[in-house]
Amino acid sequence: MAAVITRVLVRLLSIADLPDDEDDWRIRKRAGVAVGWVIIVAPVLVPLQQPDQAIAWILALVLSLFAAINIAVLARTREFDRFLLLMLTVLSAFCLVSQTAAGGAVAIPAGLVWGFLVPALAILTLGPRRATPWFLIFLAVVGTSVAIDPWVRTIFAPPTYAAQLFGAAVNTAVPLAIVYVLLRYTDIRRRAAEARADELLTNAIPASIARRLRRGESRIAETYPETTVVFADVAGFTPWAQRTDPSRIVALLDDLFTRFDAAAADHGVEKIKTVGDAYMAVAGAPTPNADHAGAALAFARSVLAAASDWRTANGLDLQVRIGLASGPVVGGVIGRQRILFDLWGATVNTAARMESSGVPDRIQLAASTRQLLDKAVDCEQRTVDVKGLGQMTTYLLAEG
């Protein structure tokens, strides 16, 4: 039964939905439609306050009929802007006229609270800027009701005490309850949007840097004295990519780098970026790690294992080269759009050269990393002519 009721409610609220609506706009539409349905039945409260006034019954019937027609036209045309404009306009006018028919601003002052639904709904559906005129209209309705109150009291008899008491309770509780629901909705949506933005931000940059940005820092640059930078690259990727369908390339790289991401999380290593088929990570920045070299090496070994599993699972003969170098780096956030936390310095350049001059399916260490590792780590010393750096002594991690 609950599922049936839910489906019916969704169907009633989604009459203005369009296939290309964004999620937030679709929900804003549904909030407006919900108020439209409420207006069909809410006018009955007016004659309940002045049951002996024929005009009160006429006003209630006219507003209910208008609301029903407005909803029906919306369901047929999906023209939400027209629907909302008519609803806000008629609701503003109805508030003034019904307050007058109920005996004026002094007789049942809480009736004016209904008018606040207009700017409240406008700010929810149209946004702050477009809602401002509707707030001014609400103030105009209140001012007009107050200004004409002496004249109204001479035409319409004041309601009985019981009617005034009923009106005070209903006209305060019902519209403010609706406003509360709208405010609660906007706060839930705001928190959800903030959570989503935080998730996207921390997926793009390290969590510690994201927290600093949220605190208002606009320019972040730090020196990290003890780090180990890791580069991993798919050997032979370019010629393979030239003969492979692009969609397959993207799918395979996504699979591979997702495995690398999991390895980075397991070993406390921070992913910095990917460029094409290259993957860059660091241990010791932006969060210090006394054993940054050990963590980076453990990550590199996991990367080799992940690449092996990936290769087997997808029937590929591609291998991965990995290079490590240790030392100080400068890290910071660059850009104002599509921001990126990046690293610079000789350590980064050396790690990149360790990868490019390395051996497929092996891990090559710079001397700066080798000296930080336990002597029991089995390595093969070699001399390599490194582009841009000349002759260097490097170390290939023993296989197995």
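As the structure is a computational prediction, the values presented were derived from the model and not from experiment.

### Observations regarding the pairing of strand β1 (residues 221–235)
Taken together, the 13 bridges between β1 and strand β4 (residues 319–334) define a ladder with antiparallel strand orientation. By the bridge assignment for β4, V234 is matched with V320. In this sheet, strand β3 (residues 278–283) lies alongside β1 in antiparallel orientation, the contact comprising 6 bridges. Bridge pairing in β3 places V230 opposite A281.

### Comments concerning helix α4 (residues 54–77)
End to end, α4 covers 34 Å across 24 residues, agreeing with the expected 34 Å (1.5 Å per residue, within 8%). A56, L59, A60, L63, S64, A67, N70, I71 and L74 are the residues of α4 that are buried.

### Considerations on the packing of aromatic side chains
One pass over the full model with this rule turns up 9 aromatic pairs. Ring geometry for F116 versus F138: centroids 5.5 Å apart, planes at 70 degrees, classification edge-to-face. Here F138 lies in helix α7 (residues 128–147) and F116 lies in the loop between α5 (80–101) and α6 (117–125), a separation of 22 residues in the sequence. Taken together, F257, F260, Y279 and F299 form an aromatic cluster joined through their ring pairs.

### Some thoughts on unusual backbone geometry
Here A285 and P286 are connected by a cis peptide whose omega angle stands at -5 degrees. Mapped onto the fold, P286 is located in the loop between β3 and α13 (292–314).

### Let's talk about the nonpolar core
Ranked by size, the top nonpolar core spans 41 residues in total, and within it F260, F299, I322 and I363 carry the most contacts. When residues of this core are traced back to their parent elements, those giving at least two are β1, α11 (237–242), α12 (246–267), β3, α13, β4, β6 (363–366) and β8 (390–397). Residues in contact with I322, not counting those within four places in the same chain, are V230, F231, A232, A300, V303, L304, M354, E355, R362, I363 and Q364. Formed by 35 residues, the second largest nonpolar core is a distinct cluster that contains F80, F83, V179 and Y185.

### Observations regarding the packing of helix α2 (residues 23–41) against α6
One can describe the packing of α2 onto α6 by two numbers: an axis separation of 9 Å at closest approach and a directional angle of 160 degrees. Accordingly, the angle class assigned to the pair α2 and α6 is roughly antiparallel. Here α2 and α6 pass one another in a crossing that is left-handed. On the side of α2, the interface is formed by W25, R28, A31, G32 and V35, while α6 contributes L121, I123, L124 and T125. Broken down by class, the residue content of the contact of α2 with α6 amounts to 6 nonpolar, 2 polar and 1 charged.

### Side note on the pairing of β6
Of the two faces of β6, the one holding I363 and L365 and the one holding Q364 and A366 are both buried throughout. By the bridge criterion, 3 bridges tie β6 to β8 in an arrangement that is antiparallel. Residue pairing in the sheet places A366 in a bridge with T394 of β8.

### Details of the pattern of salt bridges
Under the definition given, this model contains 10 salt bridges. Note that D342 and K273 form a salt bridge whose closest N and O atoms lie 3.0 Å from each other. Placement of D342 in strand β5 (residues 340–344) and of K273 in strand β2 (residues 270–275) is noted, with a sequence separation of 69 residues between them. With a closest N to O distance of 3.0 Å, R321 and E355 form a salt bridge. Taken as a pair, R321 in strand β4 and E355 in helix α14 (residues 346–356) lie far apart in primary sequence, 34 residues in all. With respect to class, R321 is no different from E355; both count as buried.

Calculation criteria
Residues numbered from 1 in each chain as written. Predicted model: local features only at pLDDT ≥ 70, side-chain atom pairs only at ≥ 80, totals over all residues. Heavy atoms only, no water. Pairing = 2+ DSSP bridges. Helix = DSSP H or I, 4+ residues; strand = E, 2+ residues; numbered from the N terminus. Expected span 1.5 Å × (residues − 1). Buried < 20%, exposed > 50% of the residue type's maximum accessible area, 1.4 Å probe, protein only. Phe/Tyr/Trp six-rings, centres within 6.5 Å; stacked < 30°, edge-to-face > 60°. Core = buried A, V, L, I, M, F, W, Y, C linked by side-chain atoms within 4.5 Å. Contact = heavy atoms within 4.5 Å. Axes fitted to C-alpha atoms, helices over the stretch in contact; angles between N-to-C directions. Parallel < 35°, antiparallel > 145°, perpendicular 65-115°, else oblique. Left-handed = near helix turned anticlockwise from the far one by under 90°. Nonpolar A, V, L, I, M, F, W, Y, C, P; charged D, E, K, R; others polar. Salt bridge = Lys/Arg side-chain N within 4 Å of Asp/Glu carboxyl O.

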